[in-house]
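# Analysis of the macromolecular model
Listed here are the chains, written in short residue letters.
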Amino acid sequence: MSDSLRPVRIWLYGLAAFVLLILVVGGITRLTESGLSITSWRPVSGIIPPLTEAEWHAEFEAYKQIPQYSVINSWMSLADFKLIFFWEWLHRVLGRVLGLLFIVPFAVFLVQKRLPRSLAWPLFGLFLLGGFQGFLGWWMVSSGLSELTSVSQYRLAAHLCAAALLFLALLYVPRRITPGPVTGRIERRDFWIAGVLLVLLFIQIGAGAFVAGLDAGMGYNTWPLMDGALIPQGLGVMEPLWRNFFENALTVQFNHRMLAYGIVAYIAVAIWLKARAGRLNGAHEWLGRIGVGVLAQVGLGIATLLMAVPISLAVAHQAVAFLLAGMVVLYIADMQRAARI
């Protein structure tokens, strides 16, 4: 039987991989403090970087007008500026390329009539989500151009979580339309278990954005103790209390740690219950893979913390977080296929 949707699935998986690449470059951009090096948003002309010395000096002069330069980077030469400019420029260009990689094949598939209406409209919705992600990126950057010396951690979290939604959707859609049987006995509570895990991981991704936005990983670089205690002092020093969860670097890092422990415990119990029932097979084999991934992610997180956030480990930690959430989405899609829902 002909599988007319196979090219569509390959395309969507390729887009998911490209989003992951953008995430990695975005992580490097954040960790090198490069995100504010381009102070304007030119969706079309911005693709071309400065080509002459005069253009480079104009970009550098624009950067000199923002607080990050005057407060932190006034030591920079033009050569130093070119280094941080590169990462932000590359991040923006990859975002534009993603749009082209989406809309051109999408139009081709429409002409070829490979996409039924039930699939075409959701995919167009993903294209709009990708465009909105670009808007969120500029909205994030703009927060650091007038008063702050870095971007707002709130806007950084919104930008990262929107990227996570796009990545997960680009995995879910092709997996859901993959032909062929999936084995395993599926119960309604299995979807609840996987759904809660996905929500926990998504919240943890957002929590990680707040850690990054506040540079909270640069402090309290010990484990398992934090500031010499399991529960450090000063978690609620800000008023009102809710601000501590988003603006107190100590509390933000503490919450990130505690949520990681909770996720480890949750997946361990889920695997134990399935193994006890003799149901770690078929679609549920994903649970074992997810468990291994969670342990690897915890190890990466601890190493990143103890080594005071080296770029390589920090970027790997962020990428694995996306991959873990993606594995849960694939698990859910496979359960739906197995249950014929």
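These figures come from a predicted structure and were not determined experimentally. (Residues numbered from 1 in each chain as written. Predicted model: local features only at pLDDT ≥ 70, side-chain atom pairs only at ≥ 80, totals over all residues. Heavy atoms only, no water.)

On to the overall build of the protein, then. When helices and strands are counted, the protein shows 11 helices and 0 strands. Per-residue burial over the protein gives 47% buried out of 341 residues. Counting contacts in the protein only where the partners sit at least 6 residues apart, residues at least 24 apart contribute 78% of the total. On the protein, roughly 16900 Å² of surface is accessible, and the fraction owed to carbon and sulfur atoms is 70%. (Helix = DSSP H or I, 4+ residues; strand = E, 2+ residues; numbered from the N terminus. Buried < 20%, exposed > 50% of the residue type's maximum accessible area, 1.4 Å probe, protein only. Contact = heavy atoms within 4.5 Å. Areas by Shrake-Rupley, 256 points an atom, 1.4 Å probe, with all protein chains shown as cover.)

Another point: the layout of surface pockets. Space left empty within the atom packing is revealed by a probe, the size of a water molecule, rolled over the atoms. Of the pockets and cavities examined, the second largest pocket occupies roughly 190 Å³. Taken together, C161, F202, I203, G206, A207, F210, F245, F246, V252 and N255 make up the full set of residues lining the second largest pocket. Counting residues per element, the ones that place at least two in the lining of the second largest pocket are α7 (188-213), α8 (244-247) and α9 (249-276). Taken together, the residues of the lining of the second largest pocket sort by class into 8 nonpolar, 2 polar and no charged. (1 Å grid on protein atoms, 1.4 Å probe; cavity = no way out; pocket = protein on both sides within 12 Å on 5 of 7 lines; lining within 4 Å. Points joined across faces, edges and corners; volume = space filled by probe spheres on them. Nonpolar A, V, L, I, M, F, W, Y, C, P; charged D, E, K, R; others polar.)

Next up on the list: empty space enclosed by the protein. Evaluated as defined, the whole model comprises 1 cavity of 30 Å³ or more. Taken together, 13 residues line the largest cavity, and the ones lying closest to its centre are I38, R42, G46, W89 and R92. In terms of residues, the lining of the largest cavity owes the most to one element, helix α4 (residues 78-111), which gives 4 residues.

Looking now at the nonpolar core. The biggest cluster of nonpolar side chains holds 90 residues, and the ones touching the most others in it are W11, L123, I290 and F322. Among the elements that line this core, the one with the most residues is helix α11 (residues 311-339), at 13 residues. Beyond its immediate chain neighbours, meaning those up to four positions away, L123 contacts W11, L12, F102, F106, L115 and V173. (Core = buried A, V, L, I, M, F, W, Y, C linked by side-chain atoms within 4.5 Å.)

Orientation of α4 relative to helix α5 (residues 117-142), taken along the N-to-C sense of each, is 165°, at an axis distance of 11 Å. By the angle between their directions, the pair α4 and α5 is classed as roughly antiparallel. When you trace α4 past α5, the crossing you get is left-handed. Mapping the contact onto sequence places E88, R92, G99, F102, I103, F106 and L110 in α4 and A120, L123, F124, L126, F127, W138 and V141 in α5. Split by residue class, the contact of α4 with α5 holds 11 nonpolar, 1 polar and 2 charged. (Axes fitted to C-alpha atoms, helices over the stretch in contact; angles between N-to-C directions. Parallel < 35°, antiparallel > 145°, perpendicular 65-115°, else oblique. Left-handed = near helix turned anticlockwise from the far one by under 90°.)

Within the structure shown, the criterion is met by 16 salt bridges. E33 is paired through a salt bridge with R30; the nearest N and O atoms lie 4.0 Å apart. Given the relative accessible area of 15%, R30 is considered buried. D190 serves as the salt-bridge partner of R279, at 2.7 Å between the closest nitrogen and oxygen. Of this pair, R279 sits in the loop between α9 and α10 (285-306) while D190 sits in helix α7; the two residues are 89 residues apart in sequence, bridging distant segments of the chain. Residue R279 is classed as buried on the basis of its relative accessible area of 6%. (Salt bridge = Lys/Arg side-chain N within 4 Å of Asp/Glu carboxyl O.)

Applying the stated criterion across every chain yields a total of 23 aromatic pairs. Measuring from ring centre to ring centre gives 6.5 Å for F86 and W89, while their planes differ by 40°; the resulting arrangement is tilted. Of the two residues, F86 and W89 both sit in helix α4, 3 residues apart, roughly one turn of that helix. Taken together, the ring pairs in this structure connect W11, F102, F106, F109, W121, F124 and F127 into an aromatic cluster. Across the ring face of F60, the terminal group of K64 is positioned such that the distance to the ring centre comes to 4.6 Å. (Phe/Tyr/Trp six-rings, centres within 6.5 Å; stacked < 30°, edge-to-face > 60°. Lys NZ or Arg CZ within 6 Å of the ring centre and 35° of its normal.)

A word on α11. Since the α-helix advances by 3.6 residues per turn, residues separated by three or four positions end up pointing in the same direction. For α11, built from 29 residues, the straight-helix expectation of 42 Å at 1.5 Å per residue is met to within 8% by its first-to-last C-alpha distance of 42 Å. Burial analysis of α11 places 22 of its 29 residues in the buried class, which makes it a mostly covered element. R340 sits one or two positions beyond α11 and adopts a positive phi of about 55°. (Expected span 1.5 Å × (residues − 1).)

Taken together, the side chains of W223, M258, Y261, L306 and M307 present a nonpolar region at the surface, about 490 Å² in accessible area. Locating Y261 in the fold gives a position in helix α9. Take Y261: its relative accessible area is 34%, and that puts it in the partly exposed class. (Patch = residues over 30% accessible without salt bridge, like charges linked within 9 Å, V, L, I, M, F, W, Y side chains within 5 Å.)

Right, let's talk about the environment of D227 for a bit. Inspection of the secondary structure puts D227 in the loop between α7 and α8. Remark: the alpha-carbon pair of D227 and L250, spanning 23 residues in sequence, is separated by 9.0 Å. Contact partners of D227, with chain neighbours within four places excluded, come to Y220, T222 and P232.

Cis rather than trans, the peptide bond between W223 and P224 has omega equal to 5°. Its location among the elements puts P224 in the loop between α7 and α8. Following E239, the chain continues to P240 via a peptide bond in cis, the omega torsion being -5°. Its place among the elements puts P240 in the loop between α7 and α8.

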